[in-house]
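# Structural overview
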Amino acid sequence: MPAGESFYIATPIFYVNDVPHIGHAYTEVAADVLARWHRQRGEDTWLLTGTDEHGQKILRTAVANDTTPQAWADELVESAWKPLLKTIDIRNDDFIRTTDERHEKAVVTFLQNLYDKGLIYSGEYEGYYCVGCEEYKQQDDLVETETGDYAGQLVCKIHSRPVEILKEKNYFFRMSDFEQRLLDLYESQPDFVQPESVRNEIVQFVKQGLSDLSISRSSFDWGIKVPWDESHVVYVWFDALLNYIAAVGYGSDDAEFERRWPAVQLVGKDIARFHAVIWPAMLMAAELPVPRNVFGHGWLLVGGEKMSKSKLTGIAPNQITDTFGSDAFRYYFMRAINFGQDGSFSWEDLSARYQAELANGFGNLASRVIAMVQRYFDGQVPEPGELTDADRRVRITEQASTDAADSAIDRFAIHESLASIWNLVDELNGYITEQEPWNLAKSEETRERLATVLHTAYRGLGTLAVLLSPVLPQATAKLWTALGGEGGIDEQVISEAAKWRGSGSVTGLDGTLFPRIEQPAA
Ligand code: MSP
């Protein structure tokens with residue numbers, strides 16, 4: 001995509017029934033890395049995140065805690081969800097809450113529009129409902145448990161909790177009208193749903209036939225009132241999905257809406273159906289553009305199961321960042337797990353990668369090169385002499401890593417992007433070991449060669465700082481300053497990473513980029 005074009009990316013909005021765990025943080029980090037990368041391409045970038053506050057799940061949690069859902073949500077948003085963004089260094093442009101007035105207005109406008117078009121009717125529904133998912137379930141989505149507290153009962157496969165039978169008079173959205181148009185969309189835009197495994201599941205699901213969607217509830221009132229019938233509130237998913245357009249001016253600021261929408265939607269694969277089936281059908285009904293892509297990433301697993309608070313397997317992000325820092329948190333999850341597949345978190349793997357890749361691989365390289373420029377050239381980066389094949393190889397890798405990392409981002413392959421950047425880390429470490437600048441420094445005769453080697457390494461480090469800044473914003477900002485980089489590190493253009501020159505003088509790094517961890521984590 002050429003510079004200047006719009007790039008809008010949104011995370012799901014998170015339920016405020018509980019505090020965040022590393023699964024939520026994982027989505028946030030991935031979206032933030034992509035947003036930072038696109039910003040560094042010079043694109044008109046917007047990152048949206050927020051909270052999902054209506055529905056039965058939040059209502060029940062509030063009641064169980066002797067409070068109102070609004071007070072509960074206010075408390076959790078301020079004490080847990082907004083602080084999460086700081087803990088893991090998310091640079092979001094906006095934060096939307098479904099209780100915001102701007103959101104509620106957009107939902108009413110949207111719903112009224114569909115009603116006026118004759119796409120909503122009143123009917124009856126009876127079915128199994130999972131409050132954890134906030135969704136009516138089909139037989140396929142349920143299993144009968146044999147053991148444990150719920151033995152003999154039908155439970156939801158995702159939450160392992162019993163479903164309830166609900167029978168209600170509801171309003172329905174004519175989603176079935178959009179079945180063929182959805183199939184045409186998946187066909188004509190094969191990258192609409194990614195990765196392939198999620199796409200296949202979605203296509204199969206729609207091919208089995210779509211029912212109309214119940215979009216209101218009358219048995220409780222924690223939600224947005226249906227404009228033409230105030231005894232109903234809007235179904236929480238129908239409400240929540242609209243946040244993505246409410247936040248960018250739908251119904252209130254046409255120019256802003258035009259500028260931002262459509263978005264790239266990053267979601268966990270558990271909620272891909274809502275985003276790749278219901279959401280585009282809603283948008284088609286309103287004659288609005290569908291999302292640019294829906295990417296369903298994998299789950300963080302604990303003991304082979306999706307990590308979750310309800311199963312008591314949740315790990316709080318600050319349990320990791322307190323010891324390792326936010327950069328390491330970001331790096332670990334983006335590097336160790338193939339984006340799009342499930343992955344297991346382990347403290348051992350995190351510690352090992354921190355030590356080998358961040359501290360020894362990247363951090364040590366930076367410290368050594370800067371220290372040598374200071375020691376042998378008084379901090380002034382020397383001009384190079386004639387280049388050898390080894391020096392040229394470093395330059396070739398700089399460009400190749402930049403190109404490969406950049407194109408991996410377009411495929412949402414964040415892990416591959418990092419692997420390509422690490423080719424340059426490894427190349428530079430091998431180069432230093434091979435060239436032995438400390439030996440070249442021993443004689444005046446090899447002074448020119450020493451100059452070329454340190455100049456080459458200095459250039460490589462600057463390239464790394466630019467390429468790694470979306471993932472490691474703090475360490476690279478520190479490195480950039482030490483290298484005498486000009487402008488903010490986050491303003492550096494990715495495609496120019498291999499061309500940076502720096503001011504030509506270094507200052508000492510304030511400590512190491514990735515300090516030794518004394519205490520093994522819990
Ligand atoms: N509120 C809905 C989304 C509405 S979007 C219009 C919701 N919220 S949630 O808080 O339960 O989870 C949201 C997202 O958190 C998941 O889609 C996923 O992106 C992330 N994750 C939650 N648990 C996770 C893992 N164990 N692993 C990876 N991601 C996880 O669903």
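The present account deals with the structure reproduced in this document. All of these numbers come straight from a predicted model, not from anything done at the bench. (Residues numbered from 1 in each chain as written. Predicted model: local features only at pLDDT ≥ 70, side-chain atom pairs only at ≥ 80, totals over all residues. Heavy atoms only, no water.)

## A word on the sheet that holds strand 1 (residues 6–15)
Inclusion rule: Should DSSP find at least two bridges between two strands, the strands are regarded as paired. Strands are runs of DSSP state E lasting at least 2 residues, helices are runs of H or I lasting at least 4, and numbering of each runs from the N terminus.
The parallel open sheet is built from six strands, whose spatial order is 3-2-1-14-15-9. Among the strands making up the open sheet, the edge pair consists of strand 3 (94–97) and strand 9 (193–194).

## Some details on the pattern of salt bridges
We count it as follows: We define a salt bridge as a contact between a side-chain nitrogen of Lys or Arg and a carboxyl oxygen of Asp or Glu at a distance within 4 Å. Only protein chains enter the accessibility calculation, which uses a 1.4 Å probe. A residue is then buried if its area is under 20% of the maximum for its type, exposed if over 50%, and partly exposed in between.
Throughout the structure, instances matching the rule amount to 32 salt bridges. R392 is paired through a salt bridge with D389; the nearest N and O atoms lie 3.3 Å apart. Residue R392 and its partner D389 are located together in helix 14 (residues 389–410), separated by three residues, close to a single helical turn. For R392, a relative accessible area of 41% puts it in the partly exposed group. K499 serves as the salt-bridge partner of E496, at 3.8 Å between the closest nitrogen and oxygen. Here E496 falls in the partly exposed class, since its relative accessible area comes to 42%.

## As for the sheet that holds strand 16 (residues 300–302)
Strand pairing within a sheet occurs via backbone hydrogen bonds; the two strands may be parallel or antiparallel. An order of 17-16-18 is seen for the three strands of this open sheet, with the pairing classed as mixed. The sheet is open, and its two borders are formed by strand 17 (305–306) and strand 18 (343–344), each paired with just one other strand. Here strand 16 runs beside strand 18; their pairing, made up of two bridges, is parallel. Across the sheet, residue L300 finds its bridge partner in strand 18, namely G343.

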